[in-house]
Amino acid sequence: LTLDVTYNTDFAQVEVDEIQVNLDRFSLFFPEKRPFFLENAGQFAVGTPQEVELFFSRWIGIGADGTQTPIDGGLRLSGKVGPSTNVGLLYMSAEGVGGAVPQNDYAVARINQELPNRSSIGAIFVERDGDGSISGDADTDYNRTYAVDGQWGIGDGVTLKSYVAKSETPGRRGQDMAYRLHGRYDSASWIGQAGYTNVGENFNPEVGFLRRSNYEKVEVFTLYRHRPQDYMGLYEIRPHIASNAYFDDEGYWESGFTHVDSHWEWHNGIEIHTGVDFFHDGVKEAFEINRGTFVQPGEYDEARTNLVFQTDEGKPLSFSTSLKRGGFFGGDINNIETSITARYGERFSSALTWNYNDVDLPVENGQFEVNVGRLRLSYSFTPKILLQALVQ
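Trainee: Mind laying out the pattern of salt bridges, listing which residues take part and the relevant values?
Mentor: In total, this model carries 28 salt bridges according to the counting rule given. Between lysine 80 and glutamate 114 there is a salt bridge, with its nearest N and O atoms 2.8 Å apart. Of this pair, lysine 80 sits in strand 4 (residues 71-81) while glutamate 114 sits in strand 6 (residues 104-115); the two residues are 34 residues apart in sequence, bridging distant segments of the chain. Where glutamate 250 meets lysine 284, a salt bridge forms, and the shortest distance between an N and an O atom there is 3.6 Å. With glutamate 250 in the loop between strand 14 (234-247) and strand 15 (253-266) and lysine 284 in the loop between strand 16 (271-283) and strand 17 (287-290), the pair connects residues that are 34 residues apart, well separated along the chain.

This is the structure:
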């Protein structure tokens, strides 16, 4: 067991987030970067990564509107009890900000029992307890999430996963549960996956991450690996299909995505991806996709081509580029993302990335461009002295 204690915590040394551009209606995911929360983070991970995460530590130290709140301190106890029982306890206290964020205490308790053949069963409890300084009622200023989860390995290739979660929020009763069933088959040549997720309208894990709410999701994926004996220097060919569909509680098809692709990998490390993507978007209410640009209600069915080229990432100098072109909410989009990575010995590394989007929608102010450039540099003077730079 390991006990970590922090007091008057300052995270000033943590790297800034990488800029993302939201060209859709749903929340973006920004990963945790603070070392205190990254250590043993997998112990507290329950749910679907970047979609339904029952505990998302980034809410500790920030308000719902983005206001930063000082962290008074906290502690975390994590590790094993015996050879196969994993435990995790976390408590943090954050100050309030007058008129914006209440003083909050956060508590997380997690237990997971490992079983033979990749199997396990566990439970998690997450709580936010506020002082009521903003809502005016301390008795109703709280949020709790409960869940049980499990994994069952069948033979060498089949794994079944599931979780069932419930949230408790004053004033939001009924339809406050979420659950997921997921199966995966993995062999030397084949990968197959299928899953079903249901998130209720009032499911509200305030100390978690919820990309979208009130939906049912069906997903399937299959991939075949083929390694030719001697054909044009090819090492492996990976044709695959991935598809998902989201429906709201009235059965309305809110969005869907089907990806048909094949990855061609050569012995020299070069890869080419050749694919096509099919999108469905059902928009009930107009939303602002860019300042002054609104996507209107309607149903949109689009297709986009997808071409990727990349060289061997293990070389001192590598290059990759991705080209996407096709329909986009009744209009068109052209996307180019290019990256160059360079390394010199064990001391210096750099990466330059440029992401360009050219959007043309059939609405007022519908033509716009979005560019994001990023330069990352790192130089090690000695094993103990490192200089890093991130420019965006």
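Trainee: Describe the environment of glutamine 175, listing the residues and the values that go with them.
Mentor: Within the secondary structure layout, glutamine 175 lies in the loop between strand 9 (158-168) and strand 10 (177-186). Of the residues examined, glutamine 175 reaches a relative accessible area of 49% and is grouped as partly exposed. Sequence separation between glutamine 175 and glutamate 201 is 26 residues; the distance between their C-alpha atoms is 5.6 Å. With residues up to four places along the chain from it excluded, the contact list for glutamine 175 reads Gly200, Glu201, Asn202, Phe203 and Asp249.

Trainee: Can you lay out the sheet that holds strand 3 (residues 52-53) for me, pointing to particular residues and giving the numbers?
Mentor: Paired through their backbone hydrogen bonds, the strands of a sheet run either parallel or antiparallel. Strand order in the open sheet formed by three strands is 2-3-12, and the pairing between neighbours is antiparallel. Each edge of the open sheet carries a strand with a single partner, namely strand 2 (47-48) and strand 12 (209-210). Bridge count between strand 2 and strand 3: two bridges; the pairing is antiparallel. Counterpart to threonine 48 in the pairing with strand 3 is valine 52.

Trainee: Account for the environment of tyrosine 246, with residues named and values stated.
Mentor: Take tyrosine 246: it is sitting in strand 14. Along the backbone, tyrosine 246 and phenylalanine 381 are 135 residues apart, and their C-alpha atoms lie at a distance of 50 Å. Among the polar contacts listed, one links the side chain of tyrosine 246 to the side chain of lysine 217, at a separation of 3.4 Å.

Trainee: Give me the packing of aromatic side chains: which residues, what numbers.
Mentor: Aromatic rings considered in pairs are described by the distance between their centres and by the relative angle of their planes. One pass over the structure, following the stated rule, counts 15 aromatic pairs. Chaining the aromatic ring pairs together yields one cluster made of Phe287, Tyr300, Phe328 and Phe329. Above the ring of tyrosine 142, the side-chain terminus of arginine 144 is found at 4.4 Å from the ring centroid. Above the ring of tyrosine 246, the side-chain terminus of arginine 212 is found at 3.7 Å from the ring centroid.

Trainee: Run through the side chain of serine 57, naming residues and quoting values.
Mentor: Mapped onto the elements of the fold, serine 57 is located in the loop between strand 3 and strand 4. Relative accessible area serves as the criterion here: at 8%, serine 57 is assigned to the buried category. Reaching out from serine 57, the side chain makes a polar contact with the side chain of glutamate 32 at a distance of 2.6 Å. Look past the residues within four positions of serine 57 in its chain and what remains in contact with it is Glu32, Arg34 and Phe37.

Trainee: I'd like to hear about unusual backbone geometry, residue by residue, with values.
Mentor: With phi around 60 degrees, asparagine 117 is a residue other than glycine that occupies positive phi space. If you check the backbone angles, arginine 118 has positive phi at about 65 degrees while not being a glycine.

Trainee: Break down the pairing of strand 23 (residues 367-382) for me, with residues and values.
Mentor: Pairing analysis gives 13 bridges linking strand 22 (residues 348-360) to strand 23, with the strands arranged antiparallel. Its bridge partner being in strand 23, asparagine 357 is matched across the sheet by valine 370. Counting the residues in the hairpin turn of strand 22 and strand 23 gives six residues, including asparagine 365, whose phi is positive at 60 degrees. Relative to strand 24 (residues 385-391), strand 23 runs antiparallel, the two being bridged by seven bridges. Across the sheet, residue leucine 375 finds its bridge partner in strand 24, namely valine 391. Linking strand 23 back to strand 24 in an antiparallel pair, the connection comprises two residues.

Trainee: Can you lay out the side chain of threonine 293 for me, pointing to particular residues and giving the numbers?
Mentor: You can see threonine 293 is positioned in strand 18 (residues 293-295). The contacts of threonine 293, once residues within four sequence positions are left out, are Phe287, Glu288, Leu361, Val363, Glu364, Asn365, Gly366 and Phe368.

Trainee: Help me get a handle on the pairing of strand 19 (residues 298-310), residues and values and all.
Mentor: As defined by bridge partners, strand 16 adjoins strand 19 across 13 bridges and the pair is classed as antiparallel. Looking at strand 19, one finds that histidine 273 is bridged to valine 308. Here strand 19 runs beside strand 20 (residues 317-328); their pairing, made up of seven bridges, is antiparallel. Considered in strand 20, the bridge of phenylalanine 309 is made with threonine 321. Taken together, strand 19 and the strand that follows it, strand 20, pair antiparallel across an intervening segment of six residues.

Trainee: Run through a nonpolar patch on the surface, naming residues and quoting values.
Mentor: A grouping of Phe309, Leu317, Phe319, Ile340, Leu352, Leu375, Leu377 and Val391 is seen on the molecular surface, where their side chains present a nonpolar patch of about 650 Å² in accessible area. As for its position among the elements, phenylalanine 309 is in strand 19.

Trainee: Describe the environment of phenylalanine 381, and please don't skip the residues or the numbers.
Mentor: Take phenylalanine 381: it is sitting in strand 23. Each C-alpha atom of the pair phenylalanine 381 and phenylalanine 348 lies 9.1 Å from the other, and the pair is 33 residues apart in sequence.

Rules used throughout
All residue numbers refer to position in the chain's written sequence, counted from 1. Restriction of local features to residues with pLDDT of at least 70 applies here, the model being predicted, together with a cutoff of 80 or more for giving and counting side-chain atom pairs; totals for whole chains, interfaces and linings are based on all residues. The side-chain numbers reported here are obtained from all heavy atoms of the structure, hydrogens and water having been left aside. Counted as salt bridges are all cases of a side-chain nitrogen of Lys or Arg within 4 Å of a carboxyl oxygen of Asp or Glu. Counting from the N terminus, the helices are DSSP H or I runs at least four residues long and the strands are E runs at least two residues long. Relative accessible area decides the class of each residue, using a 1.4 Å probe on protein chains only: under 20% of the type maximum gives buried, over 50% gives exposed, and in between gives partly exposed. The contact definition used throughout considers only heavy atoms, calling two residues in contact when any of these lie within 4.5 Å. When DSSP locates at least two bridges between a pair of strands, those strands are taken to pair. Whenever two N or O atoms come within 3.5 Å, that pair is a polar contact, provided that in protein one can donate a hydrogen and the other can accept it, and provided that, for residues adjacent in sequence, both atoms are side-chain atoms. Whether two aromatic rings pair depends on their centres lying within 6.5 Å, for rings of Phe, Tyr and Trp, where Trp uses its six-membered ring; planes under 30 degrees apart make the pair stacked, over 60 edge-to-face, and the rest tilted. Both a distance and an angle decide whether a charge sits over a ring: NZ of Lys or CZ of Arg must be within 6 Å of the ring centre and within 35 degrees of the ring normal. For patch building, the residue pool is restricted to those with more than 30% relative accessible area and no salt bridge; the joining distance is 9 Å between like charges and 5 Å between nonpolar side chains (Val, Leu, Ile, Met, Phe, Trp, Tyr). What sets the accessible areas is the Shrake-Rupley method with a 1.4 Å probe; for residues, cover comes only from the shown protein chains.

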